[in-house]
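Summary of structural features
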Amino acid sequence: MKSIKVLGSGCKTCVNTAKLIEDKARALGVAIEIEKVTDMAAIASHGVMRTPGVVVDGTVVHAGGMPQPDAVEAWLKG
Amino acid sequence: MLALFPWLADALTYRLLALDPGTRLAEAVHFFIEDTSKIFVLLILIVFVMGLFRTLLAPERVRQILEGRSRALGYVLAVTLGAVTPFCSCSSVPLFIGFLEAGIPLGVTMAFLITSPLVNEVAVVILASVVGWKLAVVYVATGLGVGLIGGVLIDRLRLERWVEGYVWQIRMGAVAVPGQAPGLGARVRYAWGEVRDIVGRIWLYVLIGIGIGAALHGYVPQDLFARYAGPENPFAVPVAVLMGLPLYSNATGIIPVAEALLAKGVPVGTTIAFMMSVVALSPPEFIMLRKVLKPALLVFLGIFLALAFVAVGLLLNGLFM
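Definitions and cut-offs
Residues numbered from 1 in each chain as written. Chains lettered and ligands numbered in written order. Predicted model: local features only at pLDDT ≥ 70, side-chain atom pairs only at ≥ 80, totals over all residues. Heavy atoms only, no water. pLDDT = per-residue confidence, 0-100. Helix = DSSP H or I, 4+ residues; strand = E, 2+ residues; numbered from the N terminus. Contact = heavy atoms within 4.5 Å. Buried area = accessible area lost by both parts, 1.4 Å probe. Salt bridge = Lys/Arg side-chain N within 4 Å of Asp/Glu carboxyl O. Polar contact = N/O pair within 3.5 Å; in protein donor to acceptor, adjacent residues only side chain to side chain. Nonpolar A, V, L, I, M, F, W, Y, C, P; charged D, E, K, R; others polar. Axes fitted to C-alpha atoms, helices over the stretch in contact; angles between N-to-C directions. Parallel < 35°, antiparallel > 145°, perpendicular 65-115°, else oblique. Left-handed = near helix turned anticlockwise from the far one by under 90°.

What follows is about the confidence of the model for chain B. Residues of chain B with pLDDT of at least 70 account for 94%, and the chain-wide mean is 88. For chain B, helix α11 (residues 222-228) of chain B is the element with the lowest average pLDDT, namely 81, and helix α16 (residues 295-319) of chain B is the one with the highest, namely 95.

As C-alpha cells, this is what we get:
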C-alpha cells in the first residue's frame with residue numbers, strides 16, 4: 001500500500017492531479033491510499049512552494065503544475 | 001510578421017464574410033478576428049519559449065536569490081523577478097509562507113506579490129505589439145513602481161502584526177525541489193505543458209476581453225468617451241479605477257479593451273489606471289491571501305493599490321497631455 005498525498009488549495013489543477021493518480025493506480029492495479037492536504041500550514045511544512053505538490057511515502061516527488069502521466073506511473077511502480 | 005494579422009482579418013471580414021468596410025459590424029468583426037489571431041499566436045509562442053527556461057526562475061530559485069539580501073537590493077530584485085515569473089495565483093499562499101520562512105522581509109515579499117500579476121512578460125510583449133512599445137514601457141515602469149512603493153510602505157509601517165500568527169510558526173525546513181530532468185526533450189514537454197496549462201486557464205478572459213474591445217471599437221460613437229472621460233475631467237481616473245475594482249481579468253485579457261479605449265480617445269493615464277485596477281485588485285486573489293493576511297492588511301492593500309493607480313493615471317495624463 002502506497003501512501004500518497006496531494007498538496008493543494010483545492011484549485012482545479014490539484015483536483016485533476018489527484019484524479020490522474022487515482023486513475024493510473026487503478027489501471028496499474030496498485031493499491032494506494034490517497035489523501036488531499038488543503039491546509040496551508042501543512043502544505044508549507046512539506047517544503048512545497050508551488051501547488052499541486054505530490055508526496056509519495058513521505059518524499060516530495062512533484063511541485064507545481066500537472067505531473068506528466070509517465071511520471072505518475074513511475075511513482076506508482078517505484 | 002505582425003502585418004499578417006490585419007491581412008488575415010481583411011481577407012476574412014471583407015472577402016469571406018463580404019461585409020462592407022466602414023459599417024459598424026465590419027469594424028467590430030475585423031477587430032475581433034485581428035486581435036484573436038494575433039493575441040493567441042503570441043500568447044502560445046511566448047508561454048512556450050518562457051516555459052523552456054522556466055526551471056531557471058522557479059519560485060524556489062527566486063527564494064534563494066532573495067534570501068539574505070539587503071532590503072534595498074531585495075526590493076529591486078523582488079519587483080524584477082515578480083515581473084518575469086508568472087505564477088498561478090493558487091500558489092501565492094505557499095509562496096508567501098515560503099518567502100517569510102526564509103527570512104525575506106514582509107515588504108519584499110509583498111512587493112513580489114503585487115508585481116507578479118500586474119506585470120508579466122507575456123502581457124508586455126502583447127501590449128507592445130497591440131498598442132506600441134512606448135506604452136508597454138510606461139506600463140512596466142509604473143507597475144514596478146507601484147509594487148516597490150507598496151512593499152516599502154508595508155515594511156516601514158511594520159505591518160507584520162497584520163499577518164496571521166500561524167504563518168510565523170511554520171518551519172518548512174529544506175525546500176523540496178523534486179529532480180527535473182534537464183534534457184531538451186523534458187524541457188520541450190514541460191514548456192508544452194505550460195502552454196496547455198496557462199492558455200487553458202486564461203483563454204476565456206482573453207476572448208471576453210477581445211469581445212468587449214470589438215464591441216467598443218465598432219459600436220461606441222467616437223466622441224462618447226472623449227466627452228465624458230477626456231483629459232479635462234478630473235473624476236475620469238478615479239471612476240475608471242473604481243469601475244475596474246470588481247472586474248477581474250488576466251493582464252493579457254485586458255489589453256484588447258485598452259486598445260479600443262485608446263482608439264476612442266481615452267487618455268493614456270486613464271486607460272492604464274483602469275487596466276491595473278482590473279488586473280491587480282481581484283476578488284479571487286484577495287480571498288486566497290485572506291488565509292495568511294488579516295483583514296486589516298487586505299483593506300490596507302486594497303486602499304493603497306486603488307490610490308496608487310489613481311496617482312499613476314493622473315501623473316501619466318499630466319505627462320502625456
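Bringing the interface of chain A and chain B into the picture now. Contact residues are listed per partner, giving 19 residues for chain A and 24 residues for chain B. Counting the surface chain A buries against chain B, the share from its top three residues, Met40, Met49 and Arg50 of chain A, is 41%. Linking chain A with chain B are two salt bridges. In this structure, Glu60 of chain B and Arg50 of chain A form a salt bridge, with 3.0 Å as the shortest nitrogen-oxygen distance. There are two residue pairs in polar contact (both at pLDDT 80 or more) connecting chain A and chain B. Counting only elements with at least two residues in the side of chain A that touches chain B, the list comes to α2 (40-45) and β4 (59-63) of chain A. Among the residues forming the side of chain A that touches chain B, the class breakdown is nine nonpolar, eight polar and two charged.

Residues and elements named next belong to chain B. One can describe the packing of helix α6 (residues 106-118) onto helix α8 (residues 133-156) by two numbers: an axis separation of 7 Å at closest approach and a directional angle of 155°. Overall, the two elements α6 and α8 adopt an arrangement that is roughly antiparallel. Here the hand of the crossing between α6 and α8 comes out right-handed. Facing Leu106, Gly107, Met110, Ala111, Ile114, Thr115 and Leu118 of α6, the residues of α8 in contact are Tyr139, Gly143, Leu144, Val146, Gly147, Gly150, Gly151, Ile154 and Asp155.

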